[in-house]
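# Analysis of the macromolecular model
Take a look at the letters that make up each chain.
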Amino acid sequence: MKFHWFLPTSGDSRALSGGGHGLARGHGLPGGASGAYRPPDIEYLAQVARSAEQLGFEAVLTPTGTWCEDAWLVTAALTRETRRLRFLVAFRPGFLSPTLAAQMAATYQRLSRGRLLLNVVTGGEDAEQRRFGDHLPHDERYARTEEFLSIVRGAWSGTPYDFEGEHYRVEGATVAEPPEPAPLIYFGGSSPAAGPVAAGHADVYLTWGEPPDQVAAKIAWMRELAGERGRTLRFGIRLHVITRDTEAAAWAEAARLLDALDPADIARAREVLGRSESVGQRRMLDLHSSYTPGDGVRALEIHPNLWAGVGLVRGGAGTALVGSHAQVTERIEEYAALGVEEFILSGYPHLEEAYWFGEGVLPAFRARNRPAPAFV
């Protein structure tokens, strides 16, 4: 089992901030990006990264998009601020040459001494893609991603690699030295176009935090697709967390976050995210589609201790595990029983919530799941 944290490169706050996929930086903050807003400067991000390392997280996910700082540059700087923490760098494959991406990753892996992980984000927000000059339709973007990953792995092989497809044509793609080890590729996508690409190229398939029955169906779908290709996958899940010493304290914190939201911000977020081409984003929206402001915090509890309130004003991962440390541990074990082996977590603010989880849940989980001693 692996636990990862999140780098808030679009900013941080004691409110539901940062926007996420498709929403501008600071969206959802009371009064806008002011007051308690924490800008994503290198000093604060280093503080989060060092704390994640100290608390025992394996890696930190760094997002990609218009409203956050560039993931490659930020994490490269943070390798000098940490010793063992790994960096899960999110990037969009259509925005750079696959051979250049292979070279960047190989260089990063050498300079960081093997601490790079790659999160390939094909992109489901049409307006975001056009902003960067990408006008391909949704399904064609996944076809391009498949070609991109074929070239990246070919360039890492140690033998010059030729490829000719619909989107790329390269001759002799290679890097100075193959990365050792090759960075693991994390990949998410809920659409019929995404599944085969993930099955053929991903090391870890990621899903956002849906209820366990929906996660189980996704895992079964991906296992079948990967099996048809003679491959096996690891599975990971992206969730927020609000964990406290007592259940009441955790739900009081969730209520505080919810009460601070402006109904107008919720309406604007629904309008923007409702235009998304991402199947995963639509699934997130469906989890809180019946909510109206004033319903109360527990109206957004869609499964025991699984709260959909974050998705009211944030794109992408929109659910949180809310409860006592013991309850959050139980929910993690519930997902683990389905086959989830990696948990990418976050909370508001990211520095303080890393400590709540790292000191409250991680020791309890590891104690409960420690292998029994062998008797000689």
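As a starting point, this report considers the structure included with it. Fair warning: this is a prediction, and the values are worked out from it, not measured in the lab.

### Let's talk about the overall build of the protein
Across its full length, the protein holds 13 helices and 13 strands. Principal-axis analysis of the C-alpha atoms gives the protein an extent of 60 × 60 × 45 Å. Within the protein, contacts between residues at least 6 apart in sequence are counted, and of these 75% link residues at least 24 apart. Accessible surface computed for the protein: about 15,300 Å², of which carbon and sulfur atoms make up 52%.

### As for unusual backbone geometry
Note the cis peptide between Glu180 and Pro181, where omega equals 0°. At Arg113, a residue that is not glycine, the phi angle is positive and equals roughly 60°. If you trace the backbone, Arg113 turns up in the loop between α3 (98-112) and β4 (116-120). A relative accessible area of 74% places Arg113 in the exposed class. A positive phi angle, close to 70°, is found at Asn305, a residue other than glycine. Here Asn305 lies in the loop between β10 (301-303) and β11 (306-307).

### Points about the environment of Leu287
Mapped onto the secondary structure, Leu287 falls in helix α10 (residues 279-287). Between the C-alpha atom of Leu287 and that of Asp12, which follows or precedes it by 275 residues, the distance is 24 Å. Beyond its immediate sequence surroundings of up to four residues, Leu287 is in contact with Gly209, Pro211, Gln214, Ile302, Ala308 and Thr319.

### What to know about the packing of helix α6 (residues 194-201) against helix α7 (residues 212-228)
Relative to each other, α6 and α7 sit at 60°, their axes nearing to 8 Å. As the angle between them shows, α6 and α7 are arranged oblique. Here the hand of the crossing between α6 and α7 comes out right-handed. Packed against α6, whose contacting residues are Gly195, Pro196, Ala198 and Ala199, the element α7 presents Trp221, Met222, Leu225 and Ala226 at the interface. Partitioned by chemical class, the residues of the contact of α6 with α7 number seven nonpolar, one polar and no charged.

### Focus: the environment of Glu301
You can see Glu301 is positioned in strand β10. Residue classification places Glu301 among the partly exposed positions, given a relative accessible area of 24%. Counting along the chain gives 154 residues from Glu301 to Glu147, while the straight-line C-alpha distance between them is 40 Å. In terms of polar contacts, Glu301 uses its side chain to reach the side chain of Arg298, at 2.9 Å. A polar side-chain atom of Glu301 sits 2.8 Å from the main-chain amide nitrogen of Asn305.

### Thoughts on the nonpolar core
In this structure, Phe3, Trp5, Phe57, Ile332, Tyr335 and Phe357 are the most contacted members of the largest nonpolar core, which totals 74 residues. When residues of this core are assigned to their parent elements, the largest contribution, seven residues, is made by helix α1 (residues 42-55). Setting aside anything within four residues of it in sequence, one finds Tyr335 in contact with Glu210, Pro211, Pro212, Val215, Ile237, Leu239, Leu306, Leu321, Val340 and Phe343. By size, the runner-up hydrophobic cluster in this structure holds 24 residues, among which are Trp208, Trp251, Trp307 and Val310.

### Let's talk about the packing of aromatic side chains
One pass over the structure, following the stated rule, counts twelve aromatic pairs. Ring centres 5.2 Å apart and planes at 40° place the aromatic pair Trp5 and Phe57 in the tilted group. On the criterion of sequence distance, the pair formed by Trp5 in strand β1 (residues 2-6) and Phe57 in the loop between α1 and β2 (59-62) is long-range, its members being 52 residues apart. The class for Trp5 is buried, based on a relative accessible area of 0%. Ring geometry for Trp72 and Phe91: centres 5.7 Å apart, planes at 55°, overall tilted. Here Phe91 lies in strand β3 (residues 86-91) and Trp72 lies in helix α2 (residues 71-78), a separation of 19 residues in the sequence. Summarising the burial analysis for this pair, Trp72 and Phe91 share the class buried.

What counts as what
- Residues numbered from 1 in each chain as written.
- Predicted model: local features only at pLDDT ≥ 70, side-chain atom pairs only at ≥ 80, totals over all residues.
- Heavy atoms only, no water.
- Helix = DSSP H or I, 4+ residues; strand = E, 2+ residues; numbered from the N terminus.
- Contact = heavy atoms within 4.5 Å.
- Areas by Shrake-Rupley, 256 points an atom, 1.4 Å probe, with all protein chains shown as cover.
- Buried < 20%, exposed > 50% of the residue type's maximum accessible area, 1.4 Å probe, protein only.
- Axes fitted to C-alpha atoms, helices over the stretch in contact; angles between N-to-C directions.
- Parallel < 35°, antiparallel > 145°, perpendicular 65-115°, else oblique.
- Left-handed = near helix turned anticlockwise from the far one by under 90°.
- Nonpolar A, V, L, I, M, F, W, Y, C, P; charged D, E, K, R; others polar.
- Polar contact = N/O pair within 3.5 Å; in protein donor to acceptor, adjacent residues only side chain to side chain.
- Core = buried A, V, L, I, M, F, W, Y, C linked by side-chain atoms within 4.5 Å.
- Phe/Tyr/Trp six-rings, centres within 6.5 Å; stacked < 30°, edge-to-face > 60°.

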